[in-house]
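Take a look at the letters that make up each chain.
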Amino acid sequence: MGMTMTQKILAAAAGLPEVKAGQLIEADLDLVLGNDITSPVAIHEMDKFAAEGIFHKDKIALVMDHFVPNKDIKSAQHCKCVREFACKHEITNFFDVGEMGIEHALLPEKGLTVAGDVIIGADSHTCTYGALGAFSTGVGSTDMAAGMATGKAWFKVPSAIKFNIIGKPSRWVSGKDVILHIIGMIGVDGALYKSMEFTGDGICNLSMDDRFTIANMAIEAGGKNGIFPVDDLAAAYMKEHSAREYKVYEADADAEYDEEYTVDLSTLKPTVAFPHLPENTRTVDEAGDLAIDQVVIGSCTNGRLDDLRIAAQVLKGKKVAKGIRCIVIPATQRIYLEAMEEGLLRTFIEAGAIVSTPTCGPCLGGYMGILAEGERCVSTTNRNFVGRMGHVESEIYLASPAVAAASAITGRISAPEE
Amino acid sequence: MKASGTVFKYGDNVDTDVIIPARYLNSSDPKELAEHCMEDIDKEFVNKVKTGDLIVADKNFGCGSSREHAPIAIKAAGVSCVIAETFARIFYRNAINIGLPIIECPEAARGIAAGDEVEVDFDSGIITNKTKGTTFQGQAFPEFMQKIIKSEGLINYINHK
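Below is a summary of the structure that appears in this document. (Residues numbered from 1 in each chain as written. Chains lettered and ligands numbered in written order. Predicted model: local features only at pLDDT ≥ 70, side-chain atom pairs only at ≥ 80, totals over all residues.)

1. Here's the deal with the interface of chain B and chain A
Residue-level contacts link 34 residues of chain B with 41 residues of chain A. Among the secondary structure elements, those contributing two or more residues to the side of chain B that touches chain A are α1 (16–19), α5 (89–98) and α8 (154–160) of chain B. Here the side of chain B that touches chain A takes six residues from α5(B), the largest share from any one element. Its residues assigned to classes, the side of chain B that touches chain A comprises eleven nonpolar, 14 polar and nine charged. (Contact = placed C-beta atoms within 7 Å. Helix = DSSP H or I, 4+ residues; strand = E, 2+ residues; numbered from the N terminus. Nonpolar A, V, L, I, M, F, W, Y, C, P; charged D, E, K, R; others polar.)

2. What about the nonpolar core?
Among the nonpolar cores identified, the biggest contains 206 residues, and Val295(A), Val82(B) and Ile83(B) are the most heavily contacted of them. Other than its neighbours up to four places away in sequence, Val295(A) contacts Ile324(A), Cys326(A), Ile327(A), Cys377(A), Val378(A), Ala404(A), Ser407(A) and Ala408(A). (Core = buried A, V, L, I, M, F, W, Y, C linked by C-beta atoms within 7 Å. Buried ≥ 20, exposed ≤ 12 C-beta atoms within 10 Å, placed from the backbone.)

3. Some details on the sheet that holds strand β7 (residues 134–137) of chain B
Residues and elements named next belong to chain B. Spatial strand order, β4-β3-β2-β1-β5-β6-β7: seven strands in an open sheet with mixed pairing. Each edge of the open sheet is held by one strand with a lone partner, namely β4 (102–104) and β7. Taking each pair of neighbouring strands and ignoring which way they run, the sheet shows an average axis angle of 25°. When strand β1 (residues 2–10) meets strand β2 (residues 54–57), the two strands line up parallel, connected through four bridges. If you follow Tyr10 over to β2, its bridge partner there is Ala57. (Pairing = 2+ DSSP bridges. Axes fitted to C-alpha atoms, helices over the stretch in contact; angles between N-to-C directions.)

4. Re the sheet that holds strand β11 (residues 259–264) of chain A
Residues and elements named next belong to chain A. Pairing in this open sheet of four strands is parallel, and the strands run β10-β9-β8-β11 from one edge to the other. If you trace the sheet from one side to the other, it starts and ends with β10 (225–227) and β11, each paired once. Across this sheet, the average inter-strand angle for adjacent strands is 20°, counted without regard to direction. Pairing analysis gives six bridges linking strand β8 (residues 160–166) to β11, with the strands arranged parallel. In the strand pairing of β11, Phe163 is matched with Tyr261.

5. Here we look at unusual backbone geometry
Leaving glycine out, the prevailing phi sign among residues is negative, and the prevailing peptide bond configuration is trans. Residues and elements named next belong to chain A. In this structure, the amide linkage connecting Val68 to the following residue, Pro69, adopts the cis form with an omega of -15°. Within the element layout of this structure, Pro69 appears in the loop between β3 (60–63) and α3 (73–88). A cis amide bond links Pro275 with the next residue in sequence, His276, at an omega value of -5°. Its place among the elements puts His276 in the loop between β12 (271–273) and β13 (281–283). A positive phi angle, near 85°, is found at Ser299, a position not held by glycine. With respect to the helices and strands, the residue Ser299 is situated in helix α9 (residues 299–302).

6. Here we look at the packing of helix α10 (residues 305–315) of chain A against helix α13 (residues 401–410) of chain A
Residue and element names in this part refer to chain A. At their nearest, the axes of α10 and α13 sit 8 Å apart, and the two run at 30° to each other. In terms of orientation, α10 and α13 fall into the roughly parallel class. Relative to α13, the crossing made by α10 is right-handed. Judged by residue contacts, Asp307, Ile310, Ala311, Val314 and Leu315 of α10 engage Pro401, Ala402, Ala404, Ala405, Ala406 and Ile409 from α13. Split by residue class, the contact of α10 with α13 holds ten nonpolar, no polar and one charged. (Parallel < 35°, antiparallel > 145°, perpendicular 65-115°, else oblique. Left-handed = near helix turned anticlockwise from the far one by under 90°.)

Take a look at the structure:
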């Protein structure tokens, strides 16, 4: 019986000739990731370990991104705890204010994630690196602690759903619309415990930033990971960003899938997920006349350079509607700088938007754009759960940067064509 | 090992943001987290919950963020077991790793209502609804999992091994 792409990576990392869905394995890890919320819990757990030390100082990444620059005293204490741990163990890849970015935009940019890697991260959106052909999945703080100490993690080998991507998207359709469409189709638990394997001729029509967005939201369908084949574009990205050697795995022709779907990019329209689940999707032309209060363009899902370029194209020479707060958050320092050099930040500021330092901030209701009772926000983030961005009576509408920017101009949920 | 108490019942897709909102994640103290447990889905939960009580929910319990603070808050609030039709996978792993007993059992999720008195026998996997006089067969906890729970989590269990 053939193996899926994910199963092949896991078999290699477990030192086994083959694995089957449902099998329990112990795999070697190439990278263990944590942030300023999850790492303190993991560090506390590590203190309980009888054995001292970490498995490899270059294979742990600690990124201060959720509540930094510190929003309050308690957050500052958390970061201090992680900073001291990183210093004590001489962890190479510790990213603090000045060097940090939102972890899932930062690590590929720094070349720390490449094809064939097995990566765990104490953050649910760790599945992002599947865009490069890596197996990466979110875990909790205890798994992170065990991973930092031993360099290993146990996994149940997942079965998979295959998404055959065909066609070419129209001008305003991006990776965000693709993944929202898929989540709307299969539901928030449609891929529970499973791999989402993307394949097909249409993938060459998706930029790397589109692919990062799609893999990033695999967790919003309950998926264990989302993964793309390694093509020339992915190889070029890795060569540009990383000195590490990568390894390409391909699914066997006779690999077994629980389900198969075909997604024709040419038929997709800009898509919006209504409150309070990412599966509540409608195309933007079905959204109706909904007045909004805030727009957020950023996050590990949509804070990359392509995303900012698209938002700037829409906002260029226009004004954010009176009464709308439009918050733009480049995901990393490098993206921030590139956006500045391209003149995108000028476009945002002249349009009446604000530009923030990289942070997860409002996406999880941390700070930098908390919603009041009854307020509505169009956001390029990944979750629209009750209370996610503020008051339990506030509402989040998930959309692409193009739709978010267009909505900022009109003050209601709008198609970019408007 | 047994769990016994009154049931708090919830529906589908209870996410970790409503279990413990991110505005409280500037703390990792279990007691402090427990004070805000379920706050955005059930404001009365923390006032009503007693040690030993159970949470029963429908599908995909614990979806969303990987925050281990979610099972930590539930456990520190005194909850002895969570029963659901299905769990989101990161929550499932985290719950076991911190020693919070959880059981997937669709029949029990459907046959138990808020306020029912329920007993769970981890050795046999039998869930008894004492209020309605019905029983359900959940999966028994393997010995190692019972040991993780008794050790108050994976790390202590590894140390004791």
